[in-house]
Amino acid sequence: MPSNVVGNTFRAIELEPQATAELEFPKFVEALLQKLGLLKEERFLYYERLRNKNTKWANGSRWVLALLGSIAFLLTGLAAALRFAPEAFLQKWSLNGFDKGVLLAVLAIYAVMGAISFYEKGTDKTTAYFRHLGIILAIRDLWTKVQFEFLKELMALKSAAGAGEAVTRERIRALAEAFCNDLDKVATGELTDWRTEFLASLSELEAAAKKGSEDVTTQIQEALKAAEKAAADARAAAEKAAADARAAAKTAEEAGKPGALNLALSGDFDDQVLISVDGVEVARSSGRTIAIERVVPGLRKISAHAKKGTKDLETARMVDVKPGLQELELVLS
């Protein structure tokens, strides 16, 4: 067997019919077996090279998809659990809003799984791997069969003595032809059962990745809507609180301002009139219009005392004094 055999499926067997037919019987058998072995080796090396090329992908992609799918399911459950966790627990471990980050990670994992499945569909590496593996096994079985058939015919020839040489040559030729035909059929066939079973698992993983991606996308959208609503409510509450604070500040500012009264007196009196606020004298005047400043806002008793001859005149009113200027009339009688 040559040591520099190159894998090939396009070359037919080189029988050299004229030269091979002239060989003595032992040489004939030896030459034919060598030519069949060379053809077998070429086909075997061709498919073995293709199988090795796709081995890592076929064995690794399924493992990666299964691992990523398991992680995604685990994280999805963790995100769901965080939504039902007590608020105090979430605050203690700073986990508020952590479920949204977990869902984003799950979405990224499903995206990677989808990309791997898409690449597999586009390149067909796994299908090719199992097809080549099936062909290699078929070549092995055919080569084993043809060798045993050769041995069977040679043993039959030896027992029958030289009379059957021509018949044995024909049988060996037919065996060689059948081997080549079977080898050609194997080279154009495909592995079905094993490939179908394996690809079914990939399809399930792909479907799981697609469904998981859709579910997580829906949850993220719902979470975003809830976050937007919460943000809008928070803005509205902040605006209301700011408005209330401004109103309270304005009220406090107004309440802190002193009141002032323009007091108009009517009635006859002698000399001066004495004006009191809550029993405390605040002004004396002989005029009929008196300005009283710095009156503390609130309900106050405004009194006026004067004399007409020997008669004491007095009047009083309860007034709700407000910040700013107010007009007030009192009648002395």
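Presented here is a report on the structure given in the accompanying data block.

How each quantity is defined
Residues numbered from 1 in each chain as written. Predicted model: local features only at pLDDT ≥ 70, side-chain atom pairs only at ≥ 80, totals over all residues. Heavy atoms only, no water. Helix = DSSP H or I, 4+ residues; strand = E, 2+ residues; numbered from the N terminus. Buried < 20%, exposed > 50% of the residue type's maximum accessible area, 1.4 Å probe, protein only. Contact = heavy atoms within 4.5 Å. Areas by Shrake-Rupley, 256 points an atom, 1.4 Å probe, with all protein chains shown as cover. Salt bridge = Lys/Arg side-chain N within 4 Å of Asp/Glu carboxyl O. Polar contact = N/O pair within 3.5 Å; in protein donor to acceptor, adjacent residues only side chain to side chain. Pairing = 2+ DSSP bridges. Axes fitted to C-alpha atoms, helices over the stretch in contact; angles between N-to-C directions. Core = buried A, V, L, I, M, F, W, Y, C linked by side-chain atoms within 4.5 Å. Patch = residues over 30% accessible without salt bridge, like charges linked within 9 Å, V, L, I, M, F, W, Y side chains within 5 Å. Phe/Tyr/Trp six-rings, centres within 6.5 Å; stacked < 30°, edge-to-face > 60°.

## Considerations on the overall build of the chain
The helix and strand inventory of the chain stands at seven helices and seven strands. The burial tally for the chain puts 34% of its 333 residues in the buried class. In the chain, the share of contacts with a sequence separation of at least 24, taken over all contacts with a separation of at least 6, comes to 71%. For the chain, the exposed surface amounts to about 20900 Å²; the carbon and sulfur share of it is 59%.

## Some thoughts on the pattern of salt bridges
One pass over the structure, following the stated rule, counts ten salt bridges. With a closest N to O distance of 3.0 Å, Lys 40 and Glu 41 form a salt bridge. Salt-bridge contacts for Asp 278 lead to Arg 300; the nearest nitrogen and oxygen are separated by 3.4 Å. Placement of Asp 278 in the loop between β2 (270-277) and β3 (280-285) and of Arg 300 in strand β5 (residues 298-308) is noted, with a sequence separation of 22 residues between them. By relative accessible area, which is 41% here, Asp 278 ends up partly exposed.

## So, the environment of Leu 74
In this fold, Leu 74 is placed in helix α2 (residues 25-83). In sequence terms Leu 74 and Val 106 are 32 residues apart; their C-alpha atoms lie 9.1 Å from each other.

## Things to note about the side chain of Gln 326
If you trace the backbone, Gln 326 turns up in strand β7 (residues 324-331). Within polar-contact distance, the side chain of Gln 326 engages the backbone nitrogen of Lys 322 at 2.6 Å. When neighbours within four sequence positions are excluded, Gln 326 is seen to be in contact with Ala 260, Leu 261, Asn 262, Val 319, Asp 320 and Val 321.

## Remarks on the sheet that holds β7
Taken together, the three strands give an open sheet; going across it, the order is β4-β1-β7, and neighbouring strands pair in mixed fashion. Of all strands in the sheet, those bounded by a partner on one side alone are β4 (289-295) and β7. With strand direction ignored, the average angle separating the axes of adjacent strands in the sheet is 25°. Pairing geometry for strand β1 (residues 259-266) and β4, over five bridges, is antiparallel. From the neighbouring strand, Ala 264 faces β4, where its bridge partner is Thr 289.

## Side note on the nonpolar core
Judged by nonpolar contacts, the single largest core of 20 residues is most densely connected at Leu 263, Leu 265, Val 273, Ile 275 and Ile 290. For this core, the elements supplying multiple residues, two or more each, are β1, β2, β4, β5, β6 (311-321) and β7. Ignoring anything within four residues of it in the chain, the contact list for Val 273 reads Leu 265, Ala 283, Arg 284, Ser 285, Gly 287, Ile 290, Ala 304, His 305, Ala 306 and Leu 332. By size, the runner-up hydrophobic cluster in this structure holds 14 residues, among which are Leu 32, Val 146, Phe 150 and Phe 179.

## Side note on the sheet that holds β5
On the basis of which strands lie adjacent, the open sheet formed by four strands has the order β3-β2-β5-β6 and antiparallel pairing. Of all strands in the sheet, those with a lone pairing partner are β3 and β6, marking the two edges. The mean inter-strand angle of the sheet, taken between neighbouring strand axes irrespective of direction, is 20°. Pairing of β5 with β6 involves eleven bridges; the strand directions are antiparallel. By the bridge assignment for β6, Ala 304 is matched with Thr 315.

## Focus: a nonpolar patch on the surface
On the surface, Trp 63, Leu 67 and Ile 71 cluster together into a nonpolar patch covering about 310 Å² of accessible area. Assignment of secondary structure puts Ile 71 in helix α2.

## What to know about unusual backbone geometry
At Asp 271, a position not held by glycine, the phi torsion is positive, near 55°. Relative to the helices and strands, Asp 271 is located in strand β2. In this model, Asp 278 sits at a positive phi of 55°, which is unusual for a non-glycine residue.

## Things to note about the packing of aromatic side chains
Enumeration according to the criterion identifies two aromatic pairs in this entry. Here Tyr 46 and Tyr 47 contribute two aromatic rings whose centre-to-centre distance is 5.1 Å and whose plane-to-plane angle is 85°, an arrangement assigned as edge-to-face. For Tyr 46, a relative accessible area of 21% puts it in the partly exposed group. Taking 5.0 Å as the distance between ring centres and 80° as the angle between the ring planes, the aromatic pair formed by Tyr 129 and Phe 130 counts as edge-to-face. Across the pair, exposure class does not vary: Tyr 129 and Phe 130 are buried alike.

## Structural notes on the environment of Ser 117
Looking at the element boundaries, Ser 117 is found in helix α4 (residues 98-123). Residue Ser 117 is classed as buried on the basis of its relative accessible area of 7%. Along the sequence, Ser 117 and Ser 61 sit 56 residues apart, while their C-alpha atoms lie 8.7 Å from each other. Beyond its immediate sequence surroundings of up to four residues, Ser 117 is in contact with Leu 65 and Glu 206.

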